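Reading the structure
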Amino acid sequence: MTGRGARRRPGPSGGSGPRWLPYAFLAPALLLYGGFLLFPLGRAVQFSFFEWDGLGASTFVGFDNYIEIARNGQLRDAFAHALVLIVFFAIIPLAIGLVLAAILTRSNVRGLGFFRTVIFLPQVIAMVVVAVTWRQIYAPDGPLNQFLRAIGLGGLTRAWLGDYTWTLPAVGLIGTWVSTGLVTVLLMAGMSRVPRELYEAARLDGAGAAREFFAITLPSVRGEITVALTLTIVAALKTFDLVYVTTRGGPGTSTTVPSYEVYRRAFELGEVGAAAAVGVVLTVIVFAINAVVNMIGEKR
């Protein structure tokens, strides 16, 4: 109905107002978001289609930089290493965190706040400090090898960050140590909201501790699991400082990761376009994996 007698559609708060008004309120935030995130991302995509050293003239090469990623074995290995790190940064901490959170939440432990602080402590330490500390632990004459010799396992000692087989798992275990606290605290927050009546009803039905965990606890923290996996997977895929300080991608190329390749190609080799292409592909992979994780987490 049009004309003088037409009624105006009520606004979000129940009053009347133009439809563009909510977008006007959102405009400042959208401008900041676009200026500080979308615009640099768009420029990175633009650079990825050029061969450029960062200083001189650039040459348009189309998709050659992306084709090089598929052809270059070192770059493929870097992405494979990042996928391996997901196991150490996300999967293992999730398994450990579920057990720790269940124990700490269900048991009457004195000083629970202290335990939470200690578990979460690796998250508040700068990753560079963490990397330097663990580099000393992994040193040939470091505490780890000294401990192995002290308990009669000297045959297992090695240069942990100089061994082609063990370097990547050694770096990954640092990620496990860092991520476990975050995952545990998130899961504890979720488990603390589960009504006790559910567990009491399960016990009356004869359910044991394992059945209670899989039937009540695990489904109740689906949201927290999704958040934990999202944060830790992103951390695994974009890790740079840990690899740079501990191994610099070595020995050889056994611990190279995409973020390190972006740095190396842009600032050491002067291949800004190729570095931008690696960064764009990494962004797409991060988005795709986390989209899948969130879809699975939200699916009932």
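Residues numbered from 1 in each chain as written. Predicted model: local features only at pLDDT ≥ 70, side-chain atom pairs only at ≥ 80, totals over all residues. Heavy atoms only, no water.

**A closer look at the packing of aromatic side chains**
For clarity, the threshold we go by: Working definition: rings of Phe, Tyr and Trp (its six-membered ring) pair if their centres are within 6.5 Å, and the pair is stacked with planes under 30 degrees apart, edge-to-face with planes over 60 apart, and tilted otherwise. Where helices and strands are cited, they refer to DSSP runs of H or I of at least four residues and of E of at least two residues respectively, numbered from the N terminus. In this scheme, a residue with accessible area under 20% of its type's maximum is buried, one over 50% is exposed, and one in between is partly exposed, where area comes from a 1.4 Å probe on protein chains only. Throughout this description, the term charge over a ring refers to an Arg CZ or Lys NZ atom that lies within 6 Å of the ring centre and within 35 degrees of the ring normal.
If you walk through the whole model with that rule in mind, you get 16 aromatic pairs. With 6.0 Å between their ring centres and 80 degrees between their planes, tryptophan 160 and tryptophan 166 make a pair best called edge-to-face. Seen from their ring centres, phenylalanine 240 and tyrosine 263 are 5.4 Å apart, and the 55 degrees between their planes marks the pair as tilted. In this pair, phenylalanine 240 is assigned in the loop between helix H10 (222-237) and helix H11 (241-246) and tyrosine 263 in helix H12 (residues 258-268), connecting sequence segments 23 residues apart. Classification of phenylalanine 240 by relative accessible area gives partly exposed; the value is 25%. Taking the relative accessible area as the measure of exposure, tyrosine 263 reaches 23% and is therefore partly exposed. Here the aromatic cluster, defined as three or more aromatic residues joined through ring pairs, consists of Phe240, Tyr244, Tyr260, Tyr263 and Phe267. We note arginine 158 situated over the ring of tryptophan 160; from NZ or CZ to the ring centre the distance is 5.4 Å.

**Re the UniProt feature "transmembrane region" (unreviewed entry) in the chain**
Selection criterion: UniProt positions are given in the numbering used here, feature names are shortened, and annotations may be inferred rather than shown by experiment.
Within the UniProt annotation, "transmembrane region" (unreviewed entry) is assigned to residues 20-42, 78-102, 114-134, 166-189 and 272-293. The span residues 20-42 is 96% helical and 0% strand by assignment, and the distance between its end C-alpha atoms comes to 27 Å. Overall, residues 166-189 shows 96% helix and 0% strand. The separation of its end C-alpha atoms is 35 Å.

**Points about the nonpolar core**
Considering soluble globular proteins, one finds that nonpolar side chains tend to be buried as a cluster. Note the following rule: The set of buried Ala, Val, Leu, Ile, Met, Phe, Trp, Tyr and Cys residues whose side-chain atoms join them within 4.5 Å is what this entry labels a nonpolar core. Residues are treated as being in contact if the distance between any of their heavy atoms lies within 4.5 Å.
Counting 51 residues, the largest nonpolar core has Leu187 and Met191 as its most contacted members. Broken down by element, the residue count for this core peaks at 12 residues, all from helix H3 (residues 73-106). Leucine 187 has contacts with Leu94, Gly97, Leu98, Ala101, Val221, Glu224 and Ile225, leaving out every residue within four places of it along the chain.

**What to know about helix H2 (residues 64-71)**
Rule in force here: Think of the arc as the fan of directions from the helix axis to the C-beta atoms.
Inspection of H2 places Asn65, Tyr66 and Ile69 among the buried residues, and these make up the whole buried set. Taken around the axis of H2, the buried residues stretch over an arc of 100 degrees, which confines them to a single face. Facing away from the buried side of H2 by more than 90 degrees, the exposed set consists of Ala70 and Arg71. If you follow the buried residues of H2, they end up packed against helix H1 (21-47), strand S1 (50-51), H3 and helix H13 (272-298).

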